[in-house]
Amino acid sequence: AQSVTQLDSHVSVSEGTPVLLRCNYSSSYSPSLFWYVQHPNKGLQLLLKYTSAATLVKGINGFEAEFKKSETSFHLTKPSAHMSDAAEYFCVVRWFGNDMRFGAGTRLTVKP
Amino acid sequence: GAVVSQHPSWVICKSGTSVKIECRSLDFQATTMFWYRQFPKQSLMLMATSNEGSKATYEQGVEKDKFLINHASLTLSTLTVTSAHPEDSSFYICSADLSPNYGYTFGSGTRLTVV
């Protein structure tokens, strides 16, 4: 069965240090993969997407993610965290048609 | 880029009244839109898929008569919470499907509080 797992419900980093938000999926097929960010009481904003092109995907605000098929992972990274990065992050996997599955979310806290 | 406008951003209503939430695709046509509900500190839960010109498809456990969805045009879908109760208080988000490879574009959400 298809599923998506965000391995950490909460990640806390200091400003200026690297960010790693982990996402794994299970699927018999190659899906499309997305990372969205949600600030409090806001909708979801697309950070980046993987759709079977380059495995290293660069997104907005300095984020990037690497698709690793052998590990069925799509971890989100950023070299240096900024205070404004504090938010909820969702890994989303899309298989056929409208079948999109959301991860449970990872709350990123950035300490000054 | 593709924009989905959701209105209102927040609403407070009395128990027993109905509330309508609008979701508009501003610069593209959306034959399919989606409605989600999000509880505090949780992920999005798909409530229903709204199809232009036809009946919405509801997820299991979602009351069709309570959450009325209308998708009368290619740019507008509405969600009406009928006879609202405090337990309906939540954050509701809509999205539209731009293309299979693009993913969804989300509205900014509506915070509903029923008192």
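What you are looking at is a predicted structure, and each value in this text was computed from that prediction instead of being measured.

Caption draft 1: Local environment of the nonpolar core. Of all hydrophobic cores here, the largest spans 27 residues; its most connected members are A:Trp35, A:Leu48, A:Phe74, A:Leu76 and A:Tyr89. Here the element with the most residues in this core is strand β10 (residues 87–94) of chain A; it accounts for 4 residues. Discounting chain neighbours no more than four positions away, the residues touching A:Leu48 are A:Leu33, A:Phe34, A:Trp35, A:Val57, A:Lys58, A:Gly59, A:Phe63, A:Glu64, A:Ala65, A:Phe74 and A:Leu76. B:Ile21, B:Met33, B:Tyr58 and B:Phe67 belong to the second-largest nonpolar core, a separate cluster that totals 25 residues.

Caption draft 2: Quick peek at the interface of chain B and chain A. Counting from both sides, the interface comprises 21 residues of chain B and, opposite them, 18 residues of chain A. On the surface where chain B and chain A come into contact, there are 1 salt bridge. Run the count over chain B and chain A and you get 6 residue pairs in polar contact (both at pLDDT 80 or more). Of all the secondary structure elements, the ones that give two or more residues to the side of chain B that touches chain A are β4 (32–38), β9 (90–99) and β10 (103–106) of chain B. When the residues that make up the side of chain B that touches chain A are grouped by side-chain class, the tally is 9 nonpolar, 10 polar and 2 charged.

Caption draft 3: Quick look at unusual backbone geometry. Residues and elements named next belong to chain B. Across the junction of His7 and Pro8, the peptide omega takes the value 0°, indicating a cis bond. Non-glycine residue Ser83 carries a positive phi angle of around 45°. Relative to the assigned elements, Ser83 resides in the loop between β8 (76–81) and β9. Residue Ser83 is classed as partly exposed on the basis of its relative accessible area of 34%.

Caption draft 4: The arrangement of the side chain of B:Lys66 in detail. Along the chain, the position of B:Lys66 falls in the loop between β6 (57–58) and β7 (67–73). Residue classification places B:Lys66 among the buried residues on the basis of a relative accessible area of 11%.

Caption draft 5: Spotlight on the sheet that holds strand β1 (residues 4–7) of chain B. All names here are of chain B. Reading across from one edge, β1-β3-β8-β7 is the order of the 4 strands in this open sheet, with antiparallel pairing throughout. Since the sheet does not close on itself, it has two edges, and those belong to β1 and β7, each with one partner. Strand after strand, the sheet turns through a mean of 15° between neighbouring axes, direction not considered. Pairing between β7 and β8: 5 bridges, direction antiparallel. Among the inter-strand pairings, Ser73 is bridged to a residue of β8, identified as Leu76.

Caption draft 6: Quick look at the state of the cysteines. Residue and element names in this part refer to chain B. Within the structure shown, the criterion is met by 2 disulfides over all chains. Between the sulfur of Cys23 and that of Cys94 lies a disulfide, 2.0 Å long from S to S. Handedness of the Cys23-Cys94 disulfide follows from its S-S torsion of about 85°: it is right-handed. Here Cys94 lies in strand β9 and Cys23 lies in strand β3 (residues 19–25), a separation of 71 residues in the sequence. Judged on exposure class, the residue Cys23 and its partner Cys94 are both buried. Free cysteine Cys13: the closest other cysteine sulfur is in Cys94, separated by 18 Å. Residue classification places Cys13 among the buried positions, given a relative accessible area of 8%.

Criteria and thresholds
Residues numbered from 1 in each chain as written. Chains lettered and ligands numbered in written order. Predicted model: local features only at pLDDT ≥ 70, side-chain atom pairs only at ≥ 80, totals over all residues. Heavy atoms only, no water. Core = buried A, V, L, I, M, F, W, Y, C linked by side-chain atoms within 4.5 Å. Buried < 20%, exposed > 50% of the residue type's maximum accessible area, 1.4 Å probe, protein only. Helix = DSSP H or I, 4+ residues; strand = E, 2+ residues; numbered from the N terminus. Contact = heavy atoms within 4.5 Å. Salt bridge = Lys/Arg side-chain N within 4 Å of Asp/Glu carboxyl O. Polar contact = N/O pair within 3.5 Å; in protein donor to acceptor, adjacent residues only side chain to side chain. Nonpolar A, V, L, I, M, F, W, Y, C, P; charged D, E, K, R; others polar. Pairing = 2+ DSSP bridges. Axes fitted to C-alpha atoms, helices over the stretch in contact; angles between N-to-C directions. Disulfide = S-S within 2.5 Å.

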